[in-house]
Amino acid sequence: MKKLIKTIGVALAFSAFASFGAQASEGGALKQVDWSFNGAFGQFDKAQLRRGFQVYREVCSACHSVRLIAFRNLADIGFSEDEIKAIAAEYEVQDGPNDDGDMFMRPGRPSDRIPGPFANEKQARAANNGAYPPDLSLMAKARFGGPDYIHSLLTGYEDAPEGFELGEGMNYNPVFAGAQIAMVAPISDDMLEYADGTPATADQISRDVSAFLMWTAEPSLEARKSLGFRVMLFLVIFTVLFYFINKKVWKPVKRGEQV
Ligand code: HEC
């Protein structure tokens, strides 16, 4: 019994230490959003993801790509086949070579990856004062805090404090490492009109696009969580089952019967 209490004590101390560590390294600077996909049973809010895609298309896609996402993946967030065909057809995609050995442009198809705004990194830098707008597909996994970080970054622009030396063409944003970023604040109130009528405050736009980028980074999040739950359920049932089997098997021995 003493040993058991000791073990539980050590386990509790470790878990307290671990959660303290996590809180400490978050630095307190990031906004903690109560995302629909948080927690063991969290699921994406499909309507939010569709709004986020709209924000990406109308705002972020001027500078950023999401090169890992194909048009047909949009079926996951509730677009119908016809809608996807129509969205894809709005883009020009390079294909080829044809029989003459030339590359050519054609309208996009559902199986194409969503084309980015620039042909290559040099072109992207040339259009952005030398800064490179990174691909956003995996950004929610690449930064500590994930969607909280993206939301905090997008809504974190401020006037630089006095005495802060801002580089040319840079913007003050304490959420970004070094507090200055080449991206101009991309979001403002009512900069777009949502197809589903949701009021387009800067905060809402930022949340929606951050959730969308969480989906691009981990489209299989829901499957992972539901599999995790089923595995836990399986383990619980097996634990109970084996407890009774164990009891039954040892019963004669414990009674002192000859086996
Ligand atoms: C006018 C061009 C432009 C637009 C529009 C734009 N960005 Fe950026 N973005 C940039 C550039 C340039 C950088 C690189 C900044 C740097 O390295 O200083 C960047 C960097 C980022 C980063 C990376 C920050 C990091 O930690 O490295 C994220 C995330 C991001 N943008 C998200 C977005 C989202 C979401 C939108 C749409 C709401 C958007 N951006 C719209 C130009 C743009």
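Now for a look at the structure at hand.

Calculation criteria
- Residues numbered from 1 in each chain as written.
- Predicted model: local features only at pLDDT ≥ 70, side-chain atom pairs only at ≥ 80, totals over all residues.
- Helix = DSSP H or I, 4+ residues; strand = E, 2+ residues; numbered from the N terminus.
- Buried ≥ 20, exposed ≤ 12 C-beta atoms within 10 Å, placed from the backbone.
- Axes fitted to C-alpha atoms, helices over the stretch in contact; angles between N-to-C directions.
- Parallel < 35°, antiparallel > 145°, perpendicular 65-115°, else oblique.
- Contact = placed C-beta atoms within 7 Å.
- Nonpolar A, V, L, I, M, F, W, Y, C, P; charged D, E, K, R; others polar.
- Near = placed C-beta within 6 Å.
- Left-handed = near helix turned anticlockwise from the far one by under 90°.

### Some details on the overall build of the protein
Right, so step 1: Secondary structure summary: the protein contains 8 helices and 4 strands in total.
Right, so step 2: Scanning the protein from its N terminus toward the C terminus, one meets helices and strands in the order α-α-α-β-β-α-α-α-β-β-α-α.
Right, so step 3: Of all 259 residues assigned to the protein, the portion counted as buried reaches 22%.

### A word on the packing of helix H2 (residues 46-58) against helix H7 (residues 202-217)
Right, so step 1: Remark: H2 packs on H7, axes separated minimally by 7 Å, with the N-to-C direction vectors making an angle of 100°. The orientation of H2 relative to H7 falls into the category roughly perpendicular. Here Gln48, Leu49, Arg51, Gly52, Phe53, Val55 and Tyr56 of H2 come into contact with H7, specifically with Ile205, Asp208, Val209, Ala211, Phe212 and Trp215.
Right, so step 2: Residues that form the contact of H2 with H7 fall into these classes: 9 nonpolar, 2 polar and 2 charged.

### A look at the site of the ligand
Right, so step 1: Around the ligand, the surrounding shell holds 24 residues, and the nearest of these are Cys60, Cys63, Pro133, Ala182 and Met183.
Right, so step 2: Here the shell around the ligand takes 3 residues from helix H6 (residues 147-154), the largest share from any one element.
Right, so step 3: When the residues that make up the shell around the ligand are grouped by side-chain class, the tally is 21 nonpolar, 2 polar and 1 charged.

### Here we look at the environment of Ala160
Right, so step 1: Mapped onto the elements, Ala160 comes out in the loop between H6 and strand E3 (171-172).
Right, so step 2: By C-beta crowding, Ala160 is classed as partly exposed, having 15 other C-beta atoms within 10 Å.
Right, so step 3: Considering only alpha carbons, one finds Ala160 and Tyr172, 12 residues apart in sequence, at a separation of 5.3 Å.
Right, so step 4: Setting aside its immediate chain neighbours within four residues, Ala160 contacts Leu166 and Tyr172.

### Digging into the environment of Ile77
Right, so step 1: Inspection of the secondary structure puts Ile77 in the loop between H2 and helix H3 (81-89).
Right, so step 2: Classification of Ile77 as buried rests on a count of 20 C-beta atoms within 10 Å.
Right, so step 3: For Ile77 and Gln48, which are 29 residues apart along the polypeptide, the C-alpha to C-alpha distance reads 9.1 Å.
Right, so step 4: If we skip the residues at most four places from it in the chain, Ile77 touches Lys46, Leu49, Arg50, Phe53 and Trp215.

### Overview of the packing of H6 against H7
Right, so step 1: Interhelical geometry of H6 versus H7 gives an angle of 150° and a closest axis separation of 9 Å. Note on packing geometry: the crossing formed by H6 with H7 is right-handed. Touching Pro147, Ile150, His151 and Leu154 of H6 are Ser206, Arg207, Ser210, Ala211, Leu213 and Met214, all from H7.
Right, so step 2: Among the residues making up the contact of H6 with H7, the classes are represented as 6 nonpolar, 3 polar and 1 charged.

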